[in-house]
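# Observations on the three-dimensional arrangement
Here's the letter readout for the chains.
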Amino acid sequence: MKKTYDLIVIGGGSGGLTASGIGVGLGAKTLMIEKHKLGGDCTWYGCVPSKILLNQAKKVTGGQKLDFQEIADKINTIRNDIYEEADHPDIFRSMGIDVEEGSAAFTGPNTVLLTKPNGETQEVTGRFIIIAAGARTFVPPIKGIVQTPHLTNQNLFELRHLPESMVIVGSGPVGTEMAQAFQHLGTKVTVIDMIDRILPNDEPELAEMLRQILEKDGVTYKLGSTINSVEGDDKKITATIKHDGKIEYIEAEKLLMATGRRPDMKPLNLEAAGVEFDTQGITVNDKCQTSAKHIYAIGDVTGRYQFTHMSEHMGKVATTNALLKIPMKIDKDNVSWVTFTDPEMAHIGATKKELDDKGTSYETYSFPYSMIDRAITDDQTAGWIKVYAKKRSGKILGADVLGAHGGELICQYALAKRNGISLRNMADTIFPYPTYALGARRAADQWYIKGQSTRLVKWLRRVFRLRGPLPDLSDKDRII
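Scope of this entry: the structure provided in the associated data block. (Residues numbered from 1 in each chain as written. Predicted model: local features only at pLDDT ≥ 70, side-chain atom pairs only at ≥ 80, totals over all residues. Heavy atoms only, no water.)

### Some words on the sheet that holds strand β22 (residues 384-389)
Overall, antiparallel pairing links the five strands, which are arranged β19-β20-β23-β22-β21 in an open sheet. The two strands at the open ends of the sheet, each matched to only one other strand, are β19 (336-339) and β21 (363-368). Between one strand axis and the next, the sheet turns through 10° on average, direction left out of account. Inspection of the sheet shows β22 paired to strand β23 (residues 396-403) by six bridges, in the antiparallel sense. If you follow Ile385 over to β23, its bridge partner there is Val401. Across the face of the sheet, helix α7 (residues 204-217) comes into contact with β20 (344-349), β22 and β23 while running at roughly 10° to β23. (Pairing = 2+ DSSP bridges. Helix = DSSP H or I, 4+ residues; strand = E, 2+ residues; numbered from the N terminus. Axes fitted to C-alpha atoms, helices over the stretch in contact; angles between N-to-C directions. Contact = heavy atoms within 4.5 Å.)

Shown next, in the form of structure tokens:
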């Protein structure tokens, strides 16, 4: 007999876990299907293991080398601890969720065929279905790549020894984080990319500053390069590239393809459910609703935002719309992200380019880490805070941070922007001293400073009979 549910969730990553938890919390009979282990890419192949590796790499000082076998064991231990404490199926079963291991494929608009690891099949029916199937590693069709052993985020963290050298293809967040981590650990790293800069979605000036820091760490960049071919074996690979108009051959022990991920849709048989999709992912509206109104899609499978926190957010949006019929939309204006290098690169809201392209009127308020006292005491003075806001009201439109604890500082602006807190409100708020967060307030102070004018000061001197000299306001880029 078919089992019938109020809510079926396909995928047990961050988005699926969130959707299932909210569903059962609202009283819905809920089924969650996951083909591997709960936790998804974040726990097993992404956020968790990469941050462990980065943290270990920061501990390397003065040419010291850590035991990579111990690091590998630590990665496995922590991943499994998180799984046991937060992601184990029994935790969700105790909440009242039916959890099944296996693959899922639509057989109709409301029916899903569950195929378990032992080959047993079962058809289940759901009033509402949320697709949270995630994404898979994308490797571009470079000549020789199929025959050449290479790493991706799926197997990178299974390494048991530290490579002497590594070629990383891709200068996005994953490639940039892993370049610094392995370079610090003692691997000679070369990064190759077709584009002429790293982190293309981040503020160009800050991204260039970060690239220079990584170059000082020892990372070699071959940007603006075309990869003609790769070849090799488990001990040595050779990448043939065209750089600055010349053919170059780069050899290394390992090849890491940090070239992104693509939605994992093919096994779902979406046609049977009438769900529209393209090469970028499942098509959804701002309510996470697909072309089939009772079916929703969230997270990486939509191709819209490949961030764990956005998968969770979309899970909340989809479940609320499906079960409560309360109109809730994706908060597109307040998307944030962090690249966890040292220093960290973080962003919230509109980018400077987006504001310029739209012709939006705004002012940039900047503050250097070299003027944050806590950063000075910690010898962490590299970096800047940049906030884009309305000149008159101080309404925050977006912000970029490069610096120590940049991910934590961007949360200040995320909270402020989401809740309509202006730079004036931030500047008038008492922040404890000495903290990194005080840097966020000091950046907000610049709204007052840039708002000064000689005419205003003259008027104040006259009205209040003040006798001090007129300040020099000729430098429009002054920072106080």
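### Side note on the sheet that holds strand β11 (residues 226-232)
Taken in spatial order, the three strands of this open sheet run β11-β12-β13, and their pairing is antiparallel. What marks the edges here is a single partner per strand, and that holds for β11 and β13 (246-252). Taken pair by pair, the neighbouring strands of this sheet meet at an average axis angle of 20°, ignoring direction. Note that β11 and strand β12 (residues 237-243) share six bridges and pair antiparallel.

### Digging into the nonpolar core
Of all hydrophobic cores here, the largest spans 35 residues; its most connected members are Leu53, Leu156, Ile168, Met178 and Phe182. Of all elements in the fold, only α3 (47-58), α4 (68-87), β8 (165-169), α6 (173-185), β9 (188-193), α7 and β10 (220-223) reach the threshold of two or more residues within this core. In this structure, Ile372, Val401, Ala437 and Trp447 belong to the second largest nonpolar core, which totals 29 residues. (Core = buried A, V, L, I, M, F, W, Y, C linked by side-chain atoms within 4.5 Å. Buried < 20%, exposed > 50% of the residue type's maximum accessible area, 1.4 Å probe, protein only.)

### Re the packing of aromatic side chains
The tally for this structure, following the rule as stated, stands at six aromatic pairs. Ring geometry for Trp44 and Tyr83: centres 5.4 Å apart, planes at 55°, overall tilted. Within this pair, whereas Trp44 is found in helix α2 (residues 40-44), its partner Tyr83 is found in helix α4, the two being separated by 39 residues in sequence. Neither residue differs from the other here; Trp44 and Tyr83 are each classed as buried. A ring pair is formed by Trp447 and Tyr448, whose centres lie 5.0 Å apart and whose planes are at 65°; its orientation type is edge-to-face. (Phe/Tyr/Trp six-rings, centres within 6.5 Å; stacked < 30°, edge-to-face > 60°.)

### A few points about the pairing of β9
With five of its six residues buried, β9 lies for the most part within the structure. Bridge count between β8 and β9: five bridges; the pairing is parallel. Pairing of Ser165 across the sheet is with Lys188, part of β9. In this region the chain leaves β8, passes through α6 and returns to the parallel neighbour β9; the handedness of that crossover is right-handed. Two elements, β9 and β10, share four bridges in a ladder whose sense is parallel. Residue pairing across strands places Thr190 opposite Thr220, the latter belonging to β10. Handedness of the crossover joining β9 and β10 through α7 is recorded here as right-handed. (Right-handed = clockwise from strand over helix to strand, strands pointing away.)

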